[in-house]
Amino acid sequence: MKRIIYGVVAAGLLLSCNKLTEDPASVTVAGQFYKTPADALAAVSAVYSTLNSDPAGDFPIYGRNLNLLTCNGGDELVFSPSNTNPDVRALGTTTYVPANDRVRKIWQQHYYGISRANVAVDNVAGMSIDTTLRERLVREARFVRALLYFNLVRLFGDVPLVLHDPTTVDVNNLKTGRTSKDSVYQQIVADLKEGFNLPKSYSGADIGRATSGAAHALLAKVYVTRRDWPNALAELQKVITAGTFTNATGGYGYNLFANFKDAFQKATKNGVEHVFSVQFETNLGAKNSTQFISSGSFSSFNPAVYPGDIPADSTVYQLFDASDTRRGVTFFTTLLNTSTGQTINFGAPRWNKFIDYSVSPLTSQAQSGLNTPVIRYADVLLLYAETLNELNGGPTTDAYTAINKVRTRAGIANLTTGLSQTAFRDSVFHERRKEFILEGNRWFDLSRRGGSYLFDALKKFPAKTGAALKDTLYPIPQVEIDLAGLTQNPGW
Amino acid sequence: MGGYGSVGTVAAVSWLNENTLTWDHTWQNTHFLNVLAGYTTQFSKDESAVASSQKFPNDLTTYNNLSYAGSAVLSLSDAHQSTLNSFLARVNYSYLHKYNITLSERADGSSRLGANNKWGYFPSIGISWNINKEDFFQRFDRYISNLKLRVTAGKTGNSEVPPYSSLAALAPTNYYFNNTLVTGIAPVQLANPDLKWETTSQYNAGVDLGLFNNRINVTFDAYYKKTTDLLLYVPFPLYTGYASQLENVGSVENKGFELGLSTENIKSQDFTWRSTFLIAANRNKVLNLGESSSFFPIAPTGQVSPVIVQVGLPVGTFWGYSTNGLLTAEDLTKGVPVLAGVSQQVGDTKYIDNTGDGFITTADKHNLGSAQPTFTASFSNNVSWKHFDLSFFIQGSFGNKLFNLLQQKLEIPTISLNASAALLNRYSTTNPNGTIARATNSPVPQVTDRYIEDGSYAKLKNITLGYNFPATISSKVRAKQLRVYVSAQNLITLTHYTGYNPEVNFYDNDNTKQGIDYGIYPATRTFLAGVNITF
């Protein structure tokens, strides 16, 4: 009997040692986190990281995925023979449907980022850490959230306005309708106004974070999109470098690079023209370099091998005068293969803008370290020209000066003087098209003009004759309609 | 660029400690009692690490010395542990081995489940009656050598989910500031402290019958199983920032029967023939999915989910459009329903408007059958005649459907990937009688009845013919036994399925995606000839 008792006691000890409570060694859980300043920094870095990486290793938002909607979906690209994903080709040929996988992906990626921003805002705000750091980090998260909502509301119209992490796992309680565009914009404006208190600039290890200048510039773009011209003007004047224009008060020292190419080079990253850029770096094998956008531009010295993205047709190249330095930066037709000394003629122009010339050999674009610009000072200047033209019933001297600064840098002549309001507006949009080609801007410009503007531009391409008025907004992804009963956009 | 080398290690430790006390007692050879009580505790832990580097100048050292490389890749490591503690008790009582009853109860605690619901309780009862041991039955003894009736009812549990599934887990994700990598940490999973055991209640009634001195044995079982609190990854609306969450949702029933017939057909000195025939039919149905009535399991990138999980249907029912050939010019003039949102043209797939609303929308998708068979059967035989022996095994499944995802993928026209030769017969102005939809720049891989195929099959899985040399010959090589044989695996398959193997199940770790063929290595037909020598 004694032996039995000993046995029971011994085994009982084993049992009591073998606890059911999980204390994971390899995973951080919420209760352990959001405590130290390093935690707060990591929570906000995760918000930024939704801009340059995808959890599933797909193209990140600012590493080609947004471009698939705003460049292929616009009049810059159709599709490349090397596009194997039919959903990519559908975007280039305006034949996409609500079940399009890229439309779903961009929606998902934006809400990933918004979710992380919500988590960071809610958790970091309550942390007992240095106030200055805490407030800055919350404002940075709100800046990124505003950028993501701004993209979403422009792509899809009314979208669910989610501002907090779910507190339930009950799918039924997670259902929400689409929030009106106006309310989403109110939140965007509130988040960006909070960003006014961000630092003007950063040094050292913090370079690349959102600044107050970026908040003013993005807010200006929001107001322009809303055609709220007085507010747009006020914001633009805060960004434009004091002394360069009447009423300009900007203290950020922004300016255009002397060379257009410098806006897209590794060595001149986060330079004088970059108001806000998504940060990338050569990162061997870790799949969050600009590899997708860069190797989409160029992958081989063999002209028979098509990269992922090629210009829609020859008219895109012909937009540029031969004297326009942007042409040679945006496209190449011949390339020198330094390892053979041969110059290869590719015939039709191909994208050059996002080729990282610092990688060697040049075909290793998977190791690109370029940033993706979100707002450049050139954008600010052209928004300023547009706003002045709208506010004053026609172009003012400053409006001309602003657009001509961009033209001069490109090496082309000043814009014809004495243009009507309409003609000047068209000139600004034309300039924007050339300046920001392949930078994920064009579809937004086409759709914000409203009416049939987007539809008319697309119809000019044989591959896009199926374009219709409904294409001014993307369809709500089918999965959200199926799961949450969201309503679809008109015409879809 | 140089090569890439990687080397990894996995260390897994597990231990199990079982403690049971048994008390066995018999009274007057009449009452037989066996009582068992105990507990078991299990622990398992795995640790893994992978180191990689790239830009090797050559491949002489392969992965054996990563320092020959030009640059390191971020190393990875991982670790998990889990615990399962159980208490159990069981009582067996038999009266004269005629009437038997078993009662049991177990309590299982799993570390993998939510903090509020680690423990599950699973009782069972079983009763059996050996009728052939009854006195009144003795007169049938010549014919019926065994007759037993069995009834059982009980619950079982499942907690096979990855460790840490119920915790609010965070994961690292990178960004750069000032060209330097910084680590971000963000949630990837919501906490679900209520995650609990998936429980199956099972009721079974069976008969074991042995006839003519057990030359014919029949086993028959009928069962009903209801599984509740299913552990499922429930898809979330993407605007929540989470794609899915592991939850206990809904219930599923399985009911069916199994019949086994094992016979010694011929038994003589030179000739014996034994065979076993098994037939089983199971009906599976989703009873409840919580608040929603259906969901689509997450489909791989670039695909539309071909299956739906919907109340009233078998798990993983194929869900798509019915089609009726291709659109003709006449169809378009008549204004037949076409896919909403796309301008369909002559030569495009003609979808059937199930709802009759004049448009083809996702509402027109419907039940295209499921991978659940009407019945499955197998038949195995062993024949021996003098020194020869022949055995063969036939297996079949009847009434199940398969989704030929590989064919769907291969019928997407591309310029740079391999495609199916079926595309040669696509509609075009030069081939107006083509039966495959015309090539377009933006083909949408819709789930249609074209790719849902009858997966029924009968397969001769194995056939073996052998010859045993008589002892007079085998003794010459000093062998106790000398046998030569030829055998073939997968010799004959009868099926209408056009893919490589009707037994395909690409997503075999996911019950919601059964019967999908996304290309697996086909079953090989193997021929073997051999000699067995026993000394």
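What you see is a predicted model, and the numbers here were worked out from it, not measured in a lab. (Residues numbered from 1 in each chain as written. Chains lettered and ligands numbered in written order. Predicted model: local features only at pLDDT ≥ 70, side-chain atom pairs only at ≥ 80, totals over all residues. Heavy atoms only, no water.)

J.: Got a sec to walk through the nonpolar core? Specific residues and values, please.
T.: Residue and element names in this part refer to chain A. Of all hydrophobic cores here, the largest spans 121 residues; its most connected members are Trp 107, Phe 143, Phe 156 and Ile 188. When residues of this core are assigned to their parent elements, the largest contribution, 15 residues, is made by helix H6 (residues 131-156). Inspection of this core shows a minimum of three residues originating in each of domain 1 (35-191) and domain 2 (199-275 + 372-432). Contact partners of Ile 188, with chain neighbours within four places excluded, come to Ala 146, Tyr 149, Phe 150, Val 153 and Val 222. With 22 residues, the next largest nonpolar core counts Cys 71, Val 316, Ile 437 and Phe 461 among its residues. (Core = buried A, V, L, I, M, F, W, Y, C linked by side-chain atoms within 4.5 Å. Buried < 20%, exposed > 50% of the residue type's maximum accessible area, 1.4 Å probe, protein only. Helix = DSSP H or I, 4+ residues; strand = E, 2+ residues; numbered from the N terminus. Domains from an automatic or database assignment. Contact = heavy atoms within 4.5 Å.)

J.: Provide a residue-level description of the interface of chain B and chain A, including the pertinent values.
T.: Listed per partner, the contact involves 81 residues of chain B and 90 residues of chain A. Between chain B and chain A the total buried area reaches about 6,900 Å² when both faces are included, carbon and sulfur atoms providing 63% of it. Per-residue buried area on chain B facing chain A is highest for Tyr 175, Tyr 176 and Tyr 239 of chain B; these three make up 13% of the total on that side. Here chain B and chain A share zero salt bridges between them. Listing elements by their share of the side of chain B that touches chain A, those giving two or more residues are strand E1 (3-27), strand E2 (31-56), strand E3 (71-95), strand E4 (99-110), strand E7 (169-177), strand E8 (180-187), strand E11 (231-235) and strand E12 (244-248) of chain B. At eight residues, the largest contribution of residues to the side of chain B that touches chain A is made by E3 of chain B. Looking at the side of chain B that touches chain A residue by residue, the class counts come to 42 nonpolar, 33 polar and six charged. When strand E1 (residues 28-29) of chain A meets E7 of chain B, the two strands line up antiparallel, connected through two bridges. When the sheet's bridge partners are listed, Val 29 of chain A is paired in E7 of chain B with Ala 169 of chain B. (Buried area = accessible area lost by both parts, 1.4 Å probe. Salt bridge = Lys/Arg side-chain N within 4 Å of Asp/Glu carboxyl O. Nonpolar A, V, L, I, M, F, W, Y, C, P; charged D, E, K, R; others polar. Pairing = 2+ DSSP bridges.)

J.: Summarise the packing of helix H7 (residues 181-194) of chain A against helix H8 (residues 212-225) of chain A; cite the residues concerned and give the values.
T.: For any two helices packed against each other, the geometry is given by the interaxial angle and the distance between the axes. Residues and elements named next belong to chain A. Direction vectors running N to C along H7 and H8 enclose 160°, while the axes themselves pass 9 Å from each other. With respect to their mutual orientation, H7 and H8 come out roughly antiparallel. The handedness of the crossing between H7 and H8 is left-handed. Residue-level contacts link Tyr 185, Ile 188, Val 189, Leu 192 and Lys 193 of H7 to Ala 215, Leu 218, Leu 219, Val 222, Tyr 223 and Thr 225 of H8. Among the residues making up the contact of H7 with H8, the classes are represented as nine nonpolar, one polar and one charged. (Axes fitted to C-alpha atoms, helices over the stretch in contact; angles between N-to-C directions. Parallel < 35°, antiparallel > 145°, perpendicular 65-115°, else oblique. Left-handed = near helix turned anticlockwise from the far one by under 90°.)

J.: I'd like a description of the pairing of strand E5 (residues 119-130) of chain B, backed by residues and values.
T.: Residue and element names in this part refer to chain B. In terms of strand pairing, E4 meets E5 through eleven bridges, oriented antiparallel. Paired with Glu 105 across the two strands is Pro 123, which belongs to E5. In this structure, E5 lies alongside strand E6 (residues 144-158), joined through seven bridges in antiparallel fashion. Bridge pairing in E6 places Ile 125 opposite Ala 153.

J.: So what's going on with the sheet that holds strand E15 (residues 294-295) of chain B? Which residues, and what values?
T.: Residue and element names in this part refer to chain B. The four strands are arranged E15-E16-E17-E20 in an open sheet whose pairing can be described as antiparallel. The open sheet is flanked by E15 and strand E20 (366-370), the only strands paired with a single partner. Strand direction decides the pairing type here: E15 and strand E16 (residues 307-310), joined by two bridges, are antiparallel. The residue bridging Phe 295 from the neighbouring strand is Val 309, located in E16.

J.: Requested: an account of the sheet that holds E8 of chain B, with residues and values cited.
T.: An order of E1(A)-E7(B)-E8(B) is seen for the three strands of this open sheet, with the pairing classed as antiparallel. What marks the edges here is a single partner per strand, and that holds for E1 of chain A together with E8 of chain B. Contacting E7 and E8 of chain B, helix H2 (residues 37-52) of chain A runs over the sheet at an angle of about 70° to E7 of chain B.

J.: Mind laying out the UniProt feature "domain: SusD-like N-terminal" (unreviewed entry) in chain A, listing which residues take part and the relevant values?
T.: Mapped onto this structure's residue numbering, the UniProt feature "domain: SusD-like N-terminal" (unreviewed entry) falls at residues 94-223 of chain A. Annotated as residues 94-223 of chain A, this span is 58% helix and 0% strand, and its ends, taken at the C-alpha atoms, are 28 Å apart. (UniProt positions renumbered as here; feature names shortened; annotations may be inferred.)

J.: Any chance you could break down the packing of aromatic side chains for me, citing the residues and the numbers?
T.: Aromatic ring pairs are defined here through the distance separating the ring centres and the angle between the ring planes. Inspection of every chain in the model, using the stated rule, returns 47 aromatic pairs over all chains. Judged by centre distance (6.3 Å) and plane angle (70°), the rings of Tyr 111 of chain A and Tyr 239 of chain B are edge-to-face. Here the residue Tyr 111 of chain A occupies a position in helix H5 (residues 101-124), and Tyr 239 of chain B occupies one in the loop between E11 and E12, the pair thus bridging two chains. With a relative accessible area of 2%, Tyr 239 of chain B lands in the buried category. Between the aromatic rings of Phe 220 of chain B and Phe 257 of chain B, the centroid separation amounts to 6.0 Å while the plane-to-plane angle is 25°, which identifies the pairing as stacked. Of this pair, Phe 220 of chain B sits in strand E10 (residues 216-228) while Phe 257 of chain B sits in strand E13 (residues 251-267), and the two are 37 residues apart along the sequence. By relative accessible area, Phe 220 of chain B is classed as partly exposed at 32%. Residue classification places Phe 257 of chain B among the partly exposed positions, given a relative accessible area of 30%. Among the aromatic residues, those joined into a ring-pair cluster are Tyr 96, Trp 443, Phe 444, Tyr 474 and Trp 492 of chain A. (Phe/Tyr/Trp six-rings, centres within 6.5 Å; stacked < 30°, edge-to-face > 60°.)

J.: Give a description of the domain arrangement of chain A that names residues and reports values.
T.: All names here are of chain A. Each assigned domain of chain A is listed here: domain 1 (35-191), domain 2 (199-275 + 372-432) and domain 3 (291-370). For domain 2 and domain 3, the distance between their C-alpha centres works out to 27 Å. Domain 2 puts 16 residues into the contact, and the matching count from domain 3 is 17 residues. Here domain 2 and domain 3 share an interface that buries about 1,300 Å² over both sides, 60% of which is from carbon and sulfur atoms. Three residues, Phe 260, Lys 261 and Phe 264, lead the burial of domain 2 against domain 3; their summed loss comes to 38% of the area buried on that side. At the surface where domain 2 touches domain 3, the tally comes to one salt bridge. For Arg 326, the salt bridge goes to Glu 431, with nearest N and O atoms at 2.6 Å. Summed over the shared surface of domain 2 and domain 3, the number is three residue pairs in polar contact (both at pLDDT 80 or more). Elements represented by at least two residues in the side of domain 2 that touches domain 3 include exactly strand E5 (372-376), helix H14 (397-410) and helix H15 (421-435). Within the side of domain 2 that touches domain 3, the residues separate by chemical class into six nonpolar, four polar and six charged. (Polar contact = N/O pair within 3.5 Å; in protein donor to acceptor, adjacent residues only side chain to side chain.)

J.: Tell me what's going on with the UniProt feature "domain: RagB/SusD" (unreviewed entry) in chain A, and back it up with residues and numbers.
T.: The positions UniProt marks with the feature "domain: RagB/SusD" (unreviewed entry) are residues 345-492 of chain A. Helix makes up 44% of residues 345-492 of chain A and strand 8%. Its end C-alpha atoms lie 43 Å apart.

J.: An account of the side chain of Asn 118 of chain A is requested, with residue identities and associated values reported.
T.: Residue and element names in this part refer to chain A. With respect to the helices, strands and loops of the structure, Asn 118 is situated in helix H5. According to the relative accessible area criterion, Asn 118 is buried, its value standing at 1%. Beyond its immediate chain neighbours, meaning those up to four positions away, Asn 118 contacts Arg 145, Val 162, Leu 163, His 164 and Asp 165.

J.: Help me get a handle on H7 of chain A, residues and values and all.
T.: Given 3.6 residues per helical turn, the α-helix brings residues three or four places apart onto the same face. Residues and elements named next belong to chain A. With 14 residues, H7 ought to run about 20 Å at 1.5 Å a step, and its terminal C-alpha atoms sit 20 Å apart, in line with that. Inspection of H7 places Val 184, Tyr 185, Gln 187, Ile 188, Val 189, Asp 191 and Leu 192 among the buried residues, and these make up the whole buried set. Tucked inside the fold, the buried residues of H7 contact H6 and H8. (Expected span 1.5 Å × (residues − 1).)

J.: Could you give an account of H6 of chain A, naming the residues involved and the relevant values?
T.: Residue and element names in this part refer to chain A. Counted at 1.5 Å a residue, the expected span for H6 with its 26 residues is 38 Å, and the 37 Å between its end C-alpha atoms agrees. Extensive coverage of H6 is indicated by the burial of 23 of its 26 residues. Gly 157, located one to two residues past H6, shows a positive phi value of around 80°.

J.: Please set out unusual backbone geometry residue by residue, giving values where relevant.
T.: Each neighbour pair has its own omega, and for Ser 360 of chain A with Pro 361 of chain A the value is -5°, a cis peptide bond. If you trace the backbone, Pro 361 of chain A turns up in the loop between strand E4 (342-351) and E5.

J.: Describe the pattern of salt bridges, with residues and values.
T.: Residues and elements named next belong to chain A. Under the definition given, this model contains 53 salt bridges over all chains. Across the pair Lys 470 and Asp 471 runs a salt bridge whose closest N-O atoms are separated by 4.0 Å. The same class applies to Lys 470 as to Asp 471, namely buried. Several salt bridges share partner residues, and in doing so they unite Glu 273, Asp 324, Arg 326, Lys 353, Arg 376, Arg 407, Arg 409, Glu 431, Lys 434, Glu 435 and Glu 439 into one network.

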